[in-house]
Number of protein chains: 2
Amino acid sequence: MTAMAQAQGRVEEVMRQLEKALLEGSLPPGSRLPSERVLAEQYEVSRNTVREAVQRLAARGLVRSRPGAGVYVTDQLRTGIASPWGQLVADHPALRDDILEFRRVLEGATAYFAAMRADDEDVERIGALMDQLEQARRDEDMAAEAAADAKLHEAIALASHNSMFLHLHASIIGMLREHITLNGTGMRRQDEKVSAQLLEQHRVVCDAIRARRPEEARTAMQSHIDYVRSQVDGNGKE
Amino acid sequence: MTAMAQAQGRVEEVMRQLEKALLEGSLPPGSRLPSERVLAEQYEVSRNTVREAVQRLAARGLVRSRPGAGVYVTDQLRTGIASPWGQLVADHPALRDDILEFRRVLEGATAYFAAMRADDEDVERIGALMDQLEQARRDEDMAAEAAADAKLHEAIALASHNSMFLHLHASIIGMLREHITLNGTGMRRQDEKVSAQLLEQHRVVCDAIRARRPEEARTAMQSHIDYVRSQVDGNGKE
DNA sequence: GGCACAAATTGGTAGGACCAGTCGGTGTAC
DNA sequence: GTACACCGACTGGTCCTACCAATTTGTGCC
């Protein structure tokens, strides 16, 4: 008669118990879980069931198991673990190429329509962000530079006056950002030349938009993405 | 360093294989996975290992298992992208123009990459669907024609060999079709000439893909979308 | 044709076993 | 006393077999 209708199975139940222990702090980050055999006896289930529950937690990044050593609680604060895509991008490098390829098309078209339909307000906003980007570049403030970069692309998407491009841009970029954060990579680190080139590319794109030259804007944006792609490809493992 | 503790075990490996199948579309949303026993034999691992891999996928919401029935693929990947969209489109018909515009870009690029990367299997599938479409046309079976049309576009997306195009296509186009159906499809019905033209357009696109001419495929597809757009715009209904 | 029953299939769970690492303790050599 | 090598207990990873409960599907009766 307990209100808790344990969904379907013992695996769920064990998982919830473990989650509860994690949340309550009885299993603080870094600590080791009791061995699977102990847990199995403790919860009065088979080790198989315990293992499957642990696998589910591991899939969400809550714990990490080291063969021969034990299962350890990870730092919960760290993993954002958002959409199913995040993990997939991390696991399948090939998918990253797919995304970049798609992004080339998407952002190219976005720039195209931005150049075609940007109103005065859009142009002003884009101009301001370009100034901001240049300023950050001069200050060698990487964080500010990245932020301005993101905002600039968003402003361009906004200027396209097509909600599909705007929102899709947001999700795709978010996806990539997730991946970059996960992998800790990031290309533009300290490389001044790269940074300068990126700035120049942005300038070309924005100029084309301001001059209302769609084709030019698209080409420039695609070149920009190509450059990004080459940089990302370059510093990767393997 | 970035060695990325890869494949510590068979569970990881099986999970990646399944993920790959999900991304590539060989396991489309709604479909049922082979039984665990079959998968175990297929990957040459124990059923236990397969189960743990499935549990990890289930933890991320990519699949859902129903006792006695089987394991089914969810549409998390698609809704993950187009999440905010279903409602918006339903509420704001104005977005339809945005979607069509986006679709022109998306499907154009999809056809482009399909022409570039279609393998023999893809070509064969596309050819079969073209035949199917012609047959439906001859029979004047509107329902079959629409179904074959949808399948054909999906096959092209599959042939692009890019997960992003595949899944985006499925979600966006599906959404759009739903909307069109809602609005009283119109267009191709009763008008024999329209139907004939659409068939011809599809033929041009498919021929370009089969002949491996990307640019031509893109142009043809965009012309096709333009035509669809003009027809939809034309026949009023708000 | 429709419906009830039986058989095959499927995921869920159990409990056993073995392997390859890791960890801890012990004993020996220095 | 310390440092090192070694060995055994422990742990997760994998495999196996078996059984259960639910579903699906096939069958035959009505």
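See the structure above.
Everything quoted here is computed from the prediction, not taken from an experiment.

## As for the protein's contact with DNA strand D
(1) Moving on: Taken together, 28 residues are adjacent to DNA strand D, and R47 and R51 of chain A together with R10, T49 and R66 of chain B come closest.
(2) Moving on: S65 of chain A is positioned such that a nitrogen or oxygen atom in its side chain is 2.9 Å from a phosphate oxygen of DNA strand D.
(3) Moving on: R10 of chain B places a main-chain nitrogen or oxygen 2.4 Å from a phosphate oxygen of DNA strand D.
(4) Moving on: Only α2 (36-43), α3 (47-59), β1 (63-66) and β2 (70-73) of chain A together with α1 (10-24) and α3 (47-59) of chain B provide two or more residues apiece to the surface near DNA strand D.
(5) Moving on: Among the elements that make up the surface near DNA strand D, the one with the highest residue count is α3 of chain B (three residues).
(6) Moving on: Along the lines of polarity and charge, the residues of the surface near DNA strand D split into seven nonpolar, 10 polar and 11 charged.

## Points about the interface of chain B and chain A
You'll often see interface size given as the accessible area lost when the parts meet.
(1) Moving on: Between chain B and chain A, the contact holds 41 residues from the first and 38 residues from the second.
(2) Moving on: In total, chain B and chain A occlude about 3,800 Å² of area from one another, counting both sides; carbon and sulfur atoms represent 63% of this.
(3) Moving on: Applying the counting criterion to the chain B and chain A interface returns four salt bridges.
(4) Moving on: With a closest N to O distance of 2.9 Å, R51 of chain A and E52 of chain B form a salt bridge.
(5) Moving on: Connecting chain B to chain A are 16 residue pairs in polar contact (both at pLDDT 80 or more).
(6) Moving on: With 10 residues, the single largest contributor to the side of chain B that touches chain A is helix α6 (residues 95-117) of chain B.

## Observations concerning the nonpolar core
(1) Moving on: Core analysis: the biggest nonpolar cluster contains 50 residues, and I99 and F102 of chain A together with L33 and F102 of chain B have the highest contact counts within it.
(2) Moving on: The greatest single-element share of this core, amounting to nine residues, is contributed by helix α5 (residues 93-117) of chain A.
(3) Moving on: Once residues lying within four places of it in the same chain are set aside, the contact partners of L33 of chain B are L18, L27, L39, V63, V71 and V73 of chain B.
(4) Moving on: Formed by 23 residues, the second largest nonpolar core is a distinct cluster that contains A111, I156, A208 and A217 of chain B.

## Overview of α3 of chain B
(1) Moving on: Taking 1.5 Å per residue, 13 residues should reach 18 Å; α3 of chain B reaches 18 Å between its end C-alpha atoms and fits that length.
(2) Moving on: Of the residues one or two after α3 of chain B, G61 of chain B is the one with positive phi, at around 80 degrees.

## So, empty space enclosed by the protein
Gaps left between atoms show up when a probe the size of a water molecule is rolled over them.
Residues and elements named next belong to chain B.
(1) Moving on: Under the criterion given, the structure shown has three cavities of 30 Å³ or more.
(2) Moving on: Roughly 50 Å³ of volume is contained in the largest cavity.
(3) Moving on: Surrounding the largest cavity, L22, L27, P29, L62, V73, T74, L77 and H167 form its lining.

## So, the protein's contact with DNA strand C
(1) Moving on: Residues in close proximity to DNA strand C total 27 residues, the closest being R10, S46, N48 and T49 of chain A together with R51 of chain B.
(2) Moving on: Counting only atoms of DNA strand C within 4 Å of the protein, the fraction found in sugar and phosphate groups is 62%.
(3) Moving on: In the environment of DNA strand C, a phosphate oxygen lies 2.8 Å from a nitrogen or oxygen atom belonging to the backbone of S46 of chain A.
(4) Moving on: In this structure, N48 of chain A approaches DNA strand C through a side-chain N or O atom, which is 2.8 Å from a base oxygen.
(5) Moving on: Among the secondary structure elements, those contributing two or more residues to the surface near DNA strand C are α1 (10-24) and α3 of chain A together with α2 (36-43), α3, β1 (63-66) and β2 (70-73) of chain B.
(6) Moving on: The dominant element in the surface near DNA strand C, judged by the number of residues it contributes, is α3 of chain A, at three residues.
(7) Moving on: Residue classes in the surface near DNA strand C are distributed as seven nonpolar, nine polar and 11 charged.

## With respect to the pairing of β1 of chain A
All names here are of chain A.
(1) Moving on: In this sheet, β2 lies alongside β1 in antiparallel orientation, the contact comprising four bridges. When the bridges of β2 are listed, R64 appears paired with Y72.
(2) Moving on: Linking two consecutive strands that pair antiparallel, namely β1 and β2, is a turn of three residues; a positive phi of about 85 degrees is found at G68 within it.

## Overview of helix α9 (residues 192-210) of chain A
Residues that lie three or four places apart on an α-helix share one face, since the helix turns once every 3.6 residues.
(1) Moving on: The first and last C-alpha atoms of α9 of chain A sit 27 Å apart over 19 residues, in line with the 27 Å expected at 1.5 Å per residue.
(2) Moving on: With its phi angle positive at about 60 degrees, R212 of chain A sits one or two positions after the end of α9 of chain A.

## Details of the packing of aromatic side chains
All names here are of chain B.
(1) Moving on: Going through the model one piece at a time under the given rule, you end up with six aromatic pairs over all chains.
(2) Moving on: Aromatic pair Y112 and F113: ring centres 5.3 Å apart, planes at 90 degrees, arrangement edge-to-face.
(3) Moving on: Overall, the relative accessible area of 18% leaves Y112 in the buried class.
(4) Moving on: The class for F113 is buried, based on a relative accessible area of 10%.

## Thoughts on the packing of α5 of chain A against α6 of chain B
(1) Moving on: With their axes 11 Å apart at the nearest point, α5 of chain A and α6 of chain B run at an angle of 145 degrees to one another. Relative to α6 of chain B, α5 of chain A is oriented so that their crossing is right-handed. Mapping the contact onto sequence places E101, F102, V105, L106, A109, F113 and R117 of chain A in α5 of chain A and E101, F102, V105, L106, A109, F113 and R117 of chain B in α6 of chain B.
(2) Moving on: A class-by-class count of the residues in the contact of α5 of chain A with α6 of chain B yields 10 nonpolar, no polar and four charged.

## Some points on the pattern of salt bridges
Residues and elements named next belong to chain A.
(1) Moving on: Tallied over the full model, the rule gives 36 salt bridges over all chains.
(2) Moving on: Across the pair R56 and E12 runs a salt bridge whose closest N-O atoms are separated by 3.5 Å. Taken together, the positions of R56 in helix α3 and E12 in helix α1 put the pair 44 residues apart, joining distant regions of the chain.
(3) Moving on: Taking relative accessible area as the criterion, E12 reaches 12% and is therefore assigned buried.
(4) Moving on: Put simply, R213 and E216 hold a salt bridge, and the shortest N to O gap is 2.9 Å.

What counts and what doesn't
Residues numbered from 1 in each chain as written. Chains lettered and ligands numbered in written order. Predicted model: local features only at pLDDT ≥ 70, side-chain atom pairs only at ≥ 80, totals over all residues. Heavy atoms only, no water. Near = heavy atom within 4 Å. Polar contact = N/O pair within 3.5 Å; in protein donor to acceptor, adjacent residues only side chain to side chain. Helix = DSSP H or I, 4+ residues; strand = E, 2+ residues; numbered from the N terminus. Nonpolar A, V, L, I, M, F, W, Y, C, P; charged D, E, K, R; others polar. Contact = heavy atoms within 4.5 Å. Buried area = accessible area lost by both parts, 1.4 Å probe. Salt bridge = Lys/Arg side-chain N within 4 Å of Asp/Glu carboxyl O. Core = buried A, V, L, I, M, F, W, Y, C linked by side-chain atoms within 4.5 Å. Buried < 20%, exposed > 50% of the residue type's maximum accessible area, 1.4 Å probe, protein only. Expected span 1.5 Å × (residues − 1). 1 Å grid on protein atoms, 1.4 Å probe; cavity = no way out; pocket = protein on both sides within 12 Å on 5 of 7 lines; lining within 4 Å. Points joined across faces, edges and corners; volume = space filled by probe spheres on them. Pairing = 2+ DSSP bridges. Phe/Tyr/Trp six-rings, centres within 6.5 Å; stacked < 30°, edge-to-face > 60°. Axes fitted to C-alpha atoms, helices over the stretch in contact; angles between N-to-C directions. Left-handed = near helix turned anticlockwise from the far one by under 90°.

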